[in-house]
Amino acid sequence: MFLELGAEFGRARSFPANDAERNKNGLMSGSLFAHVGDDVGIANSWRAGASWFASEPRDRTYDDVDSSNTLVTNSFSGRSNTTVLDFVWKWAPEGNATERNFKFQGEWFRRHESGRLTYDIDGVGAPGGPLSDSFSSTQTGFYAQGVWQFMPAWRVGYRYDQLENANTAIGLVDRGTLAASDLPILRGYTPQRNTAMLDWSPSEFSRIRLQLARDQTRPGVTDDQVWVHYIMSLGAHGAHKF
Amino acid sequence: MKRALLILLALAAMPAAAALKVFATVPEWGALAQEIGGDQVQVFTATTALQDAHRIDAKPSLIARARSADLLLATGAELETGWLPVVQREAGNSRIQSGQAGYFEAARYVAMLDIPARLDRADGDVHAGGNPHIQPDPRNFLKVGEALVQRMKELDPVNAAGYDSRWRAFAERWRANLLRWEKAAAPLKGVAVITQHKAWTYLFDWLGMREVGTLEPKPGVEPTVAHLAQVRQQAASSHPRMVIRAAYNSARPAEWLSAEAKLPIVVLPFTVGGTPEAKDLTSLFDDTVARLLVPLK
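Everything in this summary refers to the structure shown in the same document. Here the residue numbers are simple positions, counted from 1 along each chain's written sequence. Chains carry letters from A onward and ligands carry numbers from 1 onward, assigned in written order. In keeping with the model being predicted, local features are shown solely for residues with a pLDDT of at least 70 and side-chain atom pairs are shown and tallied solely at 80 or more, while totals for entire chains, interfaces and linings include all residues. Each side-chain value is worked out from all heavy atoms of the structure, with water and hydrogens disregarded.

## Structural notes on the pairing of strand β4 (residues 71–74) of chain B
Residues and elements named next belong to chain B. Neither face of β4 is open: one carries Leu-71 and Leu-73, the other Leu-72 and Ala-74, and all of them are buried. Two strands qualify as a pair provided that DSSP identifies no fewer than 2 bridges between them. In this text, helices come from DSSP runs of H or I with a minimum length of four residues, and strands from runs of E with a minimum of two, each type numbered from the N-terminal end. Bridge count between strand β2 (residues 20–24) and β4: 3 bridges; the pairing is parallel. In the sheet register, Ala-24 faces β4, and the bridge partner there is Leu-73. Two strands pair when backbone bridges link them, and β4 and strand β5 (residues 103–105) are joined in this way by 3 bridges, in the parallel orientation. Directly across from Leu-72, in β5, lies its bridge partner Tyr-103. Convention used here: a crossover is right-handed provided that the path from the first strand, over the helix, to the second strand proceeds clockwise when the strands point away from the viewer. Once the chain exits β4 it traverses helix α3 (residues 84–91) before rejoining the sheet at β5, and the crossover so formed is right-handed. Think of it in three bands: with a 1.4 Å probe and only protein chains considered, a residue is buried below 20% of the maximum accessible area for its type, exposed above 50%, and partly exposed in between.

Pasting the structure below:
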């Protein structure tokens, strides 16, 4: 039985931890994680994990278009915690993945944020910012994917991603300072995406992939995407992580 | 986010128990350590004869086993390069890191064959140190075992006498077996064969057989239809007597050639456990020689 416990600390330079003021090295965000894993017979192996990421973003900005159709910049300061559960299951006949194998992988996320939201930090919007009030949001999301190698060098795969409608309490809207249409990105919707792929690996070092996606991550818009990837590796053979 | 600090708690890093814990990457070295160590060792073998040792993942179960190992027994010559470095790194076990006494590479103690004149990805999965499949030549077990028994004595001096006496008994039996196998395999000298993967160079060097083609167009590259057709054509002039594949190889390419060129297929165990008969090192070579002789009858 494999068991791994760990903790990591890091800077706060990227989402969701952004802190523009403290652009330096230090303990500004942190995570705790645990992994367990084992084999089931000779053909199956798995790993499951849980992790928790905590940070205190300050003046984390994003752009939106308010009800007067003006591009405004809003910002959030407060606490942001993310809980992640992850799971991988691999199967190969006799544990020999060369010819046929299957891999299932999924992750579930829950992010909770609370603090203050500032509308229109530059004061260019119609109601005239900046306006600040309390904000809290809880949102979950997940993806699940399966990849099946049905013969040597050939694989098919399918992946589904989804974010749930966030459960929000926006002080600026709830107290009537702003209309919900002034903060359209924060209005609820459920982005989702379906992706299917077929790839062929002539050797360990190159891969050609056809990928089809139906992307519904923007409200009211469906993007149908076709990708052809050519992936190759140069230099030493990298080892296979689980 | 950049990692500023990473703390790993290796719960399994408990004091070594009485027996020397051996982590063998492939069955043949696990079997050899068992012959030398007897009940003074506890051997874990990471892969089976039905798995392709080039293509193993650094599974959680392997990392967990490597954490408590006293001796990591690998082939080396880049055979395990696809997974072992990750297992060593994730295991958090300083005893089995490369360069430590607890890390043993068998390929260092034998004369390597197929050392490439140039290293180029275009030549397929070639290894700078030479062909890493050293175990089909039983003479190599004497060289590897000689070095391994020294290493085991160094790591576990309390049991040195036991390792020595079991090794001497094994080596004596092995020399007698070598004479027996070489005598039985005498008709194989000069016989031309086609193989699936370039995994048998050391076997052919031992028995004087000739490899006149491989089903893989390049080492580690799966057989293609065009290449198989070419091998089929060559077979008409080079007159191979059989097509050889290892137990872990896919059956289909060899079956195709067998049907097209009217060649018998010989499935060799490749290592301990590859066939029902290959139960230990001695029966591995008993079975290998017996199976090679079948098409000559």
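From this point on, the discussion continues.
## Let's talk about the interface of chain B and chain A
Between chain B and chain A, the residue contacts involve 37 residues of the former and 41 residues of the latter. Contact between chain B and chain A buries roughly 3400 Å² in total, counting both sides, with carbon and sulfur atoms accounting for 55%. For this analysis, a salt bridge means a side-chain nitrogen from Lys or Arg found within 4 Å of a carboxyl oxygen belonging to Asp or Glu. The tally of links between chain B and chain A comes to 2 salt bridges. For B:Asp57, the salt bridge identified is with A:Lys90, shortest N-O distance 2.9 Å. Two N or O atoms count as a polar contact when they lie within 3.5 Å, although within protein this holds only if one can serve as hydrogen donor and the other as acceptor, and sequence-adjacent residues are included solely when both atoms are side-chain atoms. Inspection of the region where chain B meets chain A yields 11 residue pairs in polar contact (both at pLDDT 80 or more). At 5 residues, helix α2 (residues 60–67) of chain B tops the list of elements feeding residues into the side of chain B that touches chain A. Each residue is assigned to one of three groups, with Ala, Val, Leu, Ile, Met, Phe, Trp, Tyr, Cys and Pro labelled nonpolar, Asp, Glu, Lys and Arg labelled charged, and all others, Gly among them, labelled polar. For the side of chain B that touches chain A, a count of residues per class yields 19 nonpolar, 7 polar and 11 charged. Note on contacts: a residue pair qualifies if any of its non-hydrogen atoms lie within 4.5 Å across the two residues. Here the quantity called buried area is the accessible surface, traced with a 1.4 Å probe, that two parts lose on coming together, added over both.

## Structural notes on the packing of aromatic side chains
Residues and elements named next belong to chain B. For Phe, Tyr and Trp, rings pair up if their centres lie within 6.5 Å, where Trp contributes its six-membered ring, and each pair is then called stacked (planes under 30 degrees apart), edge-to-face (over 60) or tilted (otherwise). Overall, the coordinates contain 19 aromatic pairs over all chains when judged by the stated rule. Relative to Phe-141, the ring of Trp-29 has its centre 5.3 Å away and its plane inclined at 45°; by these criteria the two rings are tilted. Here the residue Trp-29 occupies a position in helix α1 (residues 27–37), and Phe-141 occupies one in helix α4 (residues 139–155), the gap between them amounting to 112 residues. Overall, Trp-29 belongs to the buried group, its relative accessible area being 1%.

## A short note on the pattern of salt bridges
Residue and element names in this part refer to chain A. Counted under the stated rule, the structure contains 26 salt bridges over all chains. Arg-159 serves as the salt-bridge partner of Asp-161, at 3.0 Å between the closest nitrogen and oxygen. Look at Asp-161 and you get buried, because its relative accessible area is 13%. Residue Arg-159 is classed as partly exposed on the basis of its relative accessible area of 26%.

## Quick look at the sheet that holds β4(B)
Strand pairing in a sheet relies on backbone hydrogen bonds, with the paired strands running either antiparallel or parallel. All names here are of chain B. Taken together, 4 strands build an open sheet; the order of strands is β3-β2-β4-β5 and the sheet is parallel. In this open sheet, the two edge strands, each paired with only one partner strand, are β3 (41–45) and β5. The average undirected angle you get between the axes of adjacent strands in this sheet is 20°. As paired strands, β2 and β3 are joined by 5 bridges and run parallel to one another. From the neighbouring strand, Leu-20 faces β3, where its bridge partner is Val-41. A fitted line through C-alpha atoms represents every axis, and for helices the fit uses only the stretch in contact; the resulting angles, taken between N-to-C directions, go from 0 to 180 degrees.

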